[in-house]
Amino acid sequence: MTLDERLLKVFHDIFDDTVELRDDTTADDIEDWDSLHHINLMYLIEEEFGVQFVGNQLAEMADIGELKAFLADHSRRT
Amino acid sequence: MTGDDLDTLEAAALASEVPDPAAALDLARALLRSGDNPGARRWAAQVASASEEFGPWTAAATVYGQAQDASDPSDRLVRLALLGSSTTTQLAPMLRLAGAPWSIDVTVSEPPYGQFEQEILDPSSGTWEFDPTAVVLAVHHGATRLAEGPSDDPAGSLAEERDRWLSLWAAAQSQSTAHIVQHLFAIPPTRPFGHLTPGRHDTRARLLADLNHLLAEAAAGSVGVVDCEHLASMHGKERWFDERYWFAAKQAVGLSALPTLARHTMAVIAAQMGLTRKCVVVDLDNTLWGGVVGEVGPMGVALGPDGGARGEAFSAFQDQLLSLRRRGVLLAVASKNDEAVVREVFETNPAMRITLDDVSAWEVGWNPKPESVERLAATLSLGLDSLVFVDDNPAEREAVRQALPEVDVVVLGDDPATYGRALDRYLGFEPAMVTAEDLGRAASYRAKAATSHARSTSATLDDFLESLDMIAEIDDVGPDQVARVHQLINKTNQFNLTTRRHDLGTVTEFANRADAVCLRLHLRDRFADHGLVAVLVGVQEGEVLDIDTLLMSCRVIGRTAETALLGAAVRRAADLGCTTIRGTYEPTSRNALVADFYDNHHFALVSTSDEGTSVWEHQLADGAAMPTPHIHLTSPTDP
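Here the structure is a predicted model, which means the values were calculated and not measured. (Residues numbered from 1 in each chain as written. Chains lettered and ligands numbered in written order. Predicted model: local features only at pLDDT ≥ 70, side-chain atom pairs only at ≥ 80, totals over all residues.)

> Can you tell me about the overall build of chain B, naming the residues and giving the values?
For chain B, the count of helices and strands is 25 helices and 18 strands. With the principal axes as the frame, chain B shows a C-alpha extent of 100 × 70 × 40 Å. Taking all 639 residues of chain B together, the buried fraction comes to 45%. Nonlocal contacts in chain B, meaning residues at least 24 apart in sequence, comprise 71% of its contacts between residues at least 6 apart. (Helix = DSSP H or I, 4+ residues; strand = E, 2+ residues; numbered from the N terminus. Buried ≥ 20, exposed ≤ 12 C-beta atoms within 10 Å, placed from the backbone. Contact = placed C-beta atoms within 7 Å.)

> Go over unusual backbone geometry, please, and point to the residues and values.
Residue and element names in this part refer to chain B. Going from G149 to P150, the amide bond is cis rather than trans, its omega being 0 degrees. By secondary structure assignment, the location of P150 is in the loop between β3 (134–138) and α8 (154–175). Backbone geometry places D131, a non-glycine residue, at a positive phi of 55 degrees. By secondary structure assignment, the location of D131 is in the loop between α7 (126–129) and β3. Classification of D131 as exposed rests on a count of 11 C-beta atoms within 10 Å. In the Ramachandran plot, H602 falls in the positive-phi region, its phi being about 65 degrees despite a non-glycine side chain.

> Run through the environment of B:R397, naming residues and quoting values.
All names here are of chain B. Take R397: it is sitting in helix α18 (residues 394–403). Look at R397 and you get buried, because 20 C-beta atoms sit within 10 Å. C-alpha of R397 to C-alpha of A143: the two residues are 254 residues apart in sequence and 45 Å apart in space. Leaving out residues up to four positions away in the same chain, R397 has contacts with F389, D391, V409 and V411.

> Tell me about the domain arrangement of chain B, residues and numbers included.
As far as domains go, chain B holds domain 1 (1–72), domain 2 (75–275 + 434–467), domain 3 (279–425) and domain 4 (469–634). Relative placement of domain 2 of chain B and domain 3 of chain B: their C-alpha centres are 37 Å apart. (Domains from an automatic or database assignment.)

> Which residues make up the sheet that holds strand β2 (residues 104–109) of chain B, and what are the values?
Residues and elements named next belong to chain B. Pairing in this open sheet of five strands is parallel, and the strands run β2-β1-β3-β4-β5 from one edge to the other. Two strands lie at the open edges of the sheet, namely β2 and β5 (224–226), each paired on one side alone. Averaged over all neighbouring strand pairs, the angle between strand axes comes to 25 degrees, with direction disregarded. Summarising the sheet, strand β1 (residues 76–84) and β3 pair through five bridges and their orientation is parallel. Across the sheet, residue L82 finds its bridge partner in β3, namely V136. (Pairing = 2+ DSSP bridges. Axes fitted to C-alpha atoms, helices over the stretch in contact; angles between N-to-C directions.)

> An account of helix α3 (residues 37–50) of chain B is requested, with residue identities and associated values reported.
All names here are of chain B. Between its first and last C-alpha atoms α3 spans 20 Å; for 14 residues at 1.5 Å apiece the expected length is 20 Å, and the two agree. Three or more residues of α3 are buried, namely A40, R41, W43, A44, A45, Q46, V47, A48 and A50. Where α3 is buried, its residues touch α1 (3–13), α2 (21–33), α4 (54–66) and α5 (91–98). (Expected span 1.5 Å × (residues − 1).)

> Requested: an account of the sheet that holds strand β6 (residues 279–282) of chain B, with residues and values cited.
All names here are of chain B. Read across the open sheet, the five strands follow the order β8-β7-β6-β9-β10; overall the sheet is parallel. Two strands lie at the open edges of the sheet, namely β8 (361–365) and β10 (408–411), each paired on one side alone. The mean inter-strand angle of the sheet, taken between neighbouring strand axes irrespective of direction, is 20 degrees. Pairing analysis gives four bridges linking β6 to strand β9 (residues 387–391), with the strands arranged parallel. Along β9, the bridge assignment pairs V281 with F389.

If you want it as structure tokens, here you go:
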């Protein structure tokens, strides 16, 4: 699977399998994306990609584009 | 979604005895969309039995919750009050899912974390209003007051801590007949004393271990305990404790461990409800020993050291079944064999651990297994829902599952060395019954605690609040506090009357305006300095002081600090020459907690909008009391 597909699968596990992702998607675009779901999301992304978010990254992530850039740089798990 | 699509998904989910969690989840979602709620719940529950990972569980818990059918409730209902010392938001839906193996429908009430003492001690709290049938104290080591050594009186701290929890149980039991379930304390991995830790009475690890033992002994027959220290060890402490998630989201238990914690918590509740399974029905060939006795003869089966690794594994599994037997679980045999040959193994093979005396009932013959199991139930006068079936043959397991859905079936792997773990993982034998001796000892512990609690611990909410020795400092927001106040204004959701977010410039302006009141509250008690935890911003409009913002951090809810802050604002309003103080409650999805705040503080309702926003006023001339007897007020200028 590509990085995009793996990321989408995580989002589907957390939200619903109808969620779609664009690079400029933010938490505001997905109805259920609150602080609770954010933590779940970060955790499952860490598991899926073998990364560790640092400090405030766990609580804040600007948009999907930024997230994908981070994963492309740091992922050790394919 | 067509019927064909559903058929394809179902085929994928049914492709193996333990379904692939992803396939089961896809099917559950499809069934939910097609309107088949019972089917969706059944397959969501299958996900939970096939996996113990956070991802599948959290997804399945969502489907399970959405597919809940209020018109078709189970006859086993649990109204569960989840009282946590840290975030429990992820655990709550998993507890509902974890009720599925017992057909227990769970409704959860979840007050903000950190409120467990106030919730229990206050007879009018939301918890008691909810009328729970189970109260779960989902607490972690941070909820204790046990400090790391060195210390002079570890025994004293330990006794005080034990009495504190026992008096909390007693308070809960005086309010309600709900089952009380206490999470014992997982012991964190940090050890300043290294390997000297277990040998010193004053290390936190040792104190927590001792506390766990004392609480578990005192709980017998009265309170259920979940041995979280054991669960953490099984799970791996480096994963159970995840500091990053503690700092970022106040998750005291790592997310990866929550499915395990949910399963075991529900197992203890089920045991409290009397749902412990009473009898294990075992097959013989390749379950209790290796090989088919009809072919290899009574001395030819693989068992004991002579049977090599396989023989050792079967012996160990027999020992494990015997430990269950000695604890009171009945042992029955269902086998397709000639009875005479089978008896000969028991009577003559010296490697057999289980004896004929250990077996309460037999069905050895050539009948189908489900028939044998039914007969065993009749012989033992047990319901089918008291039985657990253990057989190495997947076809027999499937036959029993289909014919007798009330019987639980343990799935064994191909290798007998793994049988023991499979039986360990099964939680239906979780016991609630204890011996008379245990009960007597527990009663004496609780009696001792009852006498000592009068002098050392608190039984009422007032006593509890008084015992905290709270000191609140209330003052104007100064330049040093603007940043923290700005942060609180923009992240506080629950205890927040208006949820108005303001940028740093606006907050600074509030702090500098002569016609505004911008107060902050700093709270400390004998255990902790909580820091700057509450903010009130009021703006003068003629003779009215209008409260723009009133909020407080979750961690100090239930301490009456908010009343102290409001009282200070009333005094400031008078200083400004106001006659009236006005408050507004703007409802959001998160702040129902404070819907009655102004009502409870002697404000009169002025208006309510269509959106539910309510405006309240208090005339200063009324001088209504806002007492905070348990908080000592101070200002920074006090000596």
